[in-house]
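# Structural overview
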Amino acid sequence: MFPPFDYFAYRRARDQKQKERAARFASLPHPYHLKTTQADKAILEQPIEDLVRDIQASTTSPLSVLRTYGKVAVSAQKRTNCITELLLPEAESWLESEVNLKGPLAGIPVSVKDSLQVKGFDTTLGYSALAGKPFQEDGPLIRLLKDAGAVPYAKTALPITLLSFESANGLWGHCRNPHVPAYSPGGSTGGEAALLAQGGRIGIGSDVAGSVRVPAAWSGIYSLRCSTGRWPKAGVSTSMAGQEGIPSVFSPMARTLNDLTYFTRALIGMKPWKYDYSVHPIAWRDELEADAQSKPLRIGLMTTDVVPPTPAIEHALTATVAALTEAGHTVTEITPPADADPFTGLNLASQLLNSDGCHHFNAKLRSFEPSDPGANQLTRYAHLPRPLRYLYYLYVRYIRRDKVLAALIRDFGPKSSAQLWPLVAQREAFRATWHKWWDAEPQQYDFILCPVNATPALPHNAMYDAVSSCGYTFLWNLLDYSAGVLPVGHVDAIRDALSAPYQTTLKRLGSDHAVARGAWKHYDSAKMAGLPTAVQVVGRRWQEEQVLGYMAAVERALDQYRDPQTGAGGRYTLLEID
């Protein structure tokens, strides 16, 4: 169908998919519509490894576990609109015929990002053009989950471009933050984070610039960004097929650190390289995980990148440093390599990721089908004719005197092969510089501690302003480092308030540029009160075991820490399950 008439096809697909979803929820068997009982809550709070043991010993029914998590899905959908495709009726039949109940994840319900291919269901990615095209077979990643004993039960929300810290599209609508619904749960794996925060257990998302880590931080759960080749990615769909400048990686997410670690260990123990040729045959190394949490650690602290942290995030970072220091670890502020600093990384990564001129993530959009506000901004910059883009660069650089935005604009646009190859060479040189820097004295850190994002969760549609505020996560994608996220606390309306207007504060911090203003303009501690705060633990390439061990050491330190001024102790508390 030709534009603009395909707009009506978008409307029909949208209405049809939403009716189908509503009907599937409404037609669930009666047990799914009951309130959660004390028995349900016991299942929801039981560590995965204990639940697997009970299922394999036949003391707990896998169907009762599935129905408990089905109740969570029903409740979570009502509150946050986090589910795209509900798999529950089929999941009950998979339990009887396709799920290996002798596997390390026996009977454990798992939710997955909408981009994973599940037989009998669409993988729309939020695009109406992909609706009504169910896959005939499970993708390798879903087959791996079933062979491990896991039970896929829901596909979850994402943004239409997969390039946003929002999770909204015209097909399914906005996914909401479970803590403060007027805010985003993060993106692009936001639906997964929202479901897990409300009682879901484990899940899988993808990450190309922070897409499992920002949702974890904004929704108050745990995630691990694996290095390329450590976690399978076959059997998924994407908005940017063939993009390898900054490879997307699929990675685990969970409601607790214990579950995140068990899930990661179990899936890698299944030898995923037998399912996906791109996975390196690196077996799980228990000794590295144990060693990482059994010794005094040398920690590098990165307090800021291109956008300084807002007060709530700064307080979370400060509390974590105090807790680690009190626990006997050494924390030292880092000085990144001068020729491979975070802003250089942000500029390079942005050009690599969008070297097609934003063509592919727009190609499947129908006429007037809503796109992401941030992706629209990127598209406008990319589509400017080169002479006009250069004139705009001169205006921003010399009239508005914004060196940061000007540098990002100047070379942003479609690249030929002759232009792309040097960028890939720069990426490899950038990685080599960091590799040498980390090994040299006085660095030799066990891990780097830093924010996940400059702000807590942002309100819906804020990506129009904050699309470029992604450096704290994007840097580690460029370097392909393993990185984990764990929650620390919540935004406090009074303690985390700005002492002056955000423009004044940014000028004082020497960061008065459009990228920082775009994020900080939405910061309001009173409206954000109750939203989670988090920190990021960054290891080196293929150090998933160590990163999980370091996260355990950080969590233990935070659990034991008491604020010397207030006497307050403890740490982040999970969202209460209804």
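Residues numbered from 1 in each chain as written. Predicted model: local features only at pLDDT ≥ 70, side-chain atom pairs only at ≥ 80, totals over all residues. Heavy atoms only, no water.

The cut-off we apply is this: UniProt positions are given in the numbering used here, feature names are shortened, and annotations may be inferred rather than shown by experiment.
Per an unreviewed UniProt entry, the protein chain is named amidase, and its organism is Penicillium capsulatum. For the record of the protein chain, the UniProt heading Sequence similarities (unreviewed entry) holds the text "Belongs to the amidase family." Annotation of the protein chain in UniProt includes, under Catalytic activity (unreviewed entry), the sentence "a monocarboxylic acid amide + H2O = a monocarboxylate + NH4(+)".

### Quick word on the UniProt feature "binding site: substrate" (unreviewed entry) in the protein chain
The condition is simple: Strands are runs of DSSP state E lasting at least 2 residues, helices are runs of H or I lasting at least 4, and numbering of each runs from the N terminus. Only protein chains enter the calculation, and the probe is 1.4 Å; a residue is then buried if its accessible area is under 20% of its type maximum, exposed if over 50%, and partly exposed in between. Note on contacts: a residue pair qualifies if any of its non-hydrogen atoms lie within 4.5 Å across the two residues.
The sites that carry the UniProt feature "binding site: substrate" (unreviewed entry) are, in the present numbering, L162, S188, V208, A209, G210 and S211. A maximum C-alpha distance of 10.8 Å is found for the annotated residues, which run over 50 residues; spatially they form one tight group. Relative to the helices and strands, S188 is located in the loop between β5 (173-174) and α7 (190-197). Overall, the relative accessible area of 1% leaves S188 in the buried class. Once residues within four sequence positions are removed from consideration, S188 is found in contact with K113, A157, L158, P159, L162, S164, E166, S167, S206, S211 and P215. Here A209 shows up in the loop between β6 (202-207) and α8 (213-219). Under the relative-accessibility criterion, A209 is labelled buried at 11%. Aside from chain neighbours lying at most four places away, what touches A209 is F165, C470, T473, F474 and N477.

### A closer look at the side chain of R427
With respect to the helices and strands, the residue R427 is situated in helix α17 (residues 417-439). Beyond its immediate chain neighbours, meaning those up to four positions away, R427 contacts E244, G245, L348, L352 and L478.

### A closer look at the packing of aromatic side chains
For any two aromatic rings, the description comes down to two numbers: the centre-to-centre distance and the angle of the planes. For clarity, the cut-off: Put simply, two rings from Phe, Tyr or Trp (the six-membered ring, in Trp's case) pair if the centres are within 6.5 Å, and we call them stacked under 30 degrees between planes, edge-to-face over 60, tilted for the rest.
What the rule picks out here adds up to 16 aromatic pairs. Look at Y381 and Y392: their rings are 6.2 Å apart centre to centre, the planes differ by 25°, and that puts the pair in the stacked class. With Y381 in helix α14 (residues 373-383) and Y392 in helix α15 (residues 386-399), the pair connects residues that are 11 residues apart, well separated along the chain. The exposure class of Y392 is partly exposed, given its relative accessible area of 25%. Ring geometry for W438 versus Y481: centroids 5.6 Å apart, planes at 85°, classification edge-to-face. In this pair, W438 is assigned in helix α17 and Y481 in the loop between α19 (471-479) and β12 (483-490), connecting sequence segments 43 residues apart. Note on Y481: relative accessible area 5%, which makes it buried. Taken together, the ring pairs connect W434, W437, W438, Y445, W476 and Y481 into an aromatic cluster.

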